[in-house]
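One letter stands for each residue in the lines below.
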Amino acid sequence: MSQSIETRDLTRIFKGKSETVKALNKVSLSIGEKEVFGLLGPNGAGKTTFIKILTTLLLPTSGEAHVDGFNVVKEADKVRKIISLVSGGETPGYGILSVRENLWFFSQLYGLSSAVAKEKIKGLMADLDFEEYANTRMAKLSTGYRQRLNLARGLLSDPKILFLDEPTLGLDVLTAKKLRSYIVDWAKKEAKGTVLLTTHYMAEADEMCDRVAIIDQGRILACGSPNTLKENLKENQIMKVETASIQADFGFIDKMVGVIGYSQTRNIQTGTTTLKIMVSDDEIFSKIMSELEKAKLKILAVNKTEPTLEDVYISLVGRGFEEGEAGTHA
Ligand SMILES: Nc1ncnc2c1ncn2[C@@H]1O[C@H](COP(=O)(O)OP(=O)(O)OP(=O)(O)O)[C@@H](O)[C@H]1O
Ligand SMILES: [Mg+2]
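Let me sum up the structure you'll find in this document. (Residues numbered from 1 in each chain as written. Chains lettered and ligands numbered in written order. Predicted model: local features only at pLDDT ≥ 70, side-chain atom pairs only at ≥ 80, totals over all residues. Heavy atoms only, no water.)

**Focus on the sheet that holds strand 3 (residues 36-40)**
Consideration 1: Spatial ordering of the open sheet is given by 6-7-8-3-9-10, a layout of six strands whose pairing is mixed. Either end of the sheet is taken by a strand with one partner, and the two such strands are strand 6 (83-87) and strand 10 (219-224). Strand after strand, the sheet turns through a mean of 15 degrees between neighbouring axes, direction not considered.
Consideration 2: Packing against the sheet, helix 1 (residues 47-54) makes contact with strand 3, strand 6, strand 7 (161-165), strand 8 (194-199) and strand 9 (211-216), and its axis sits at approximately 150 degrees to strand 8.
Consideration 3: Lying over the sheet, helix 11 (residues 309-317) contacts strand 3, strand 9 and strand 10, oriented at roughly 40 degrees with respect to strand 9. (Pairing = 2+ DSSP bridges. Helix = DSSP H or I, 4+ residues; strand = E, 2+ residues; numbered from the N terminus. Axes fitted to C-alpha atoms, helices over the stretch in contact; angles between N-to-C directions. Contact = heavy atoms within 4.5 Å.)

**Describing the side chain of threonine 194**
Consideration 1: Here threonine 194 lies in strand 8.
Consideration 2: Using a relative accessible area of 0% as the deciding quantity, one classes threonine 194 as buried.
Consideration 3: Beyond its immediate sequence surroundings of up to four residues, threonine 194 is in contact with Ser4, Ile31, Gly32, Glu33, Lys34, Glu35, Lys160, Ile161, Leu162 and Trp186. (Buried < 20%, exposed > 50% of the residue type's maximum accessible area, 1.4 Å probe, protein only.)

**So, the pattern of salt bridges**
Consideration 1: Applying the stated criterion across every chain yields a total of 17 salt bridges.
Consideration 2: Here lysine 177 and glutamate 207 are joined by a salt bridge, their closest N and O atoms 3.7 Å apart. In this pair, lysine 177 sits in helix 6 (residues 173-189) while glutamate 207 sits in helix 7 (residues 202-208), placing the two residues 30 residues apart along the sequence.
Consideration 3: A relative accessible area of 43% means that lysine 177 is categorised as partly exposed.
Consideration 4: Note on glutamate 207: relative accessible area 42%, which makes it partly exposed.
Consideration 5: Its salt-bridge partner being aspartate 206, residue lysine 230 comes within 2.8 Å of it at the nearest N-O pair. You can see lysine 230 sitting in helix 8 (residues 226-231) and its partner aspartate 206 sitting in helix 7, a full 24 residues away along the chain.
Consideration 6: Classification of lysine 230 as buried rests on a relative accessible area of 15%. (Salt bridge = Lys/Arg side-chain N within 4 Å of Asp/Glu carboxyl O.)

Next comes the structure, spelled out in structure tokens:
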């Protein structure tokens, strides 16, 4: 398989007045043609920085990156011709233009002939299920429909490589699902459709990606298919504990011998905190449970769970990364 994207020791440093941030730290990745590849990591991990360098919007500090064989610094114009970038939450065009007019505008920027443009716009609006909004001003669209338009805009130019920065940010469960399956189908049916997406939704990475790289503080911590990454955890035990408290400090769990890591998700609506604790052997659980009882915490449920990509992250970093309030995302 030839490589669509290749980076070697890609590093990006941001120098501020008071502090220096290493947004990317020697990232070396190789992504093949027709792969759907996910970069999974918490806020500030370096995901957008990686995408910006590959899409020629930002220069690397050191290291190299090639897209479809072209050097992103020295051959930026060639790279731009074969890629599209779609960012979740961005406003894709002109608010006063209708959906169809916006797509038409971009088709002309991309140099499509009238006949081809018309056909493509019609097809994309049908495939992404937003024909009924064709004549609606973009400014009036909901986030989900705006994002469909955004994706359609990205696909108009028939890119070889599609970069998606948080493609389902803030979308409802059904819309997110629809866009995910559309993107995966696109990659599979195009002769050379490679997708590099970033996300901080574990389930999204798991559902969509052939391979996932877990990134944290600019470093790649692990890379592989979701199944391989999860298989590697099989010797550990993972327990989910639901407690009737949203204020308790669970920091003691981390300090116990045999605990590999844990995450906590608070749900303000139900007043509960769900802990996911990973341990190297079963016995440590009874100790954790007695500590929780000592702290007078009411335990609502205890379940053993199969590993997810979040557990892979916990095993690498010792904490979860969707911590805090339970999200409403898919
Ligand atoms: N233009 C900039 N100037 C200074 N620092 C920056 C700049 N862009 C990004 N950073 C810093 O680089 C790090 C990585 O940021 P980046 O936006 O790549 O993260 P991310 O993984 O996309 O996060 P998020 O999930 O929040 O989108 C962060 O610490 C961020 O503050
Ligand atoms: Mg980002």
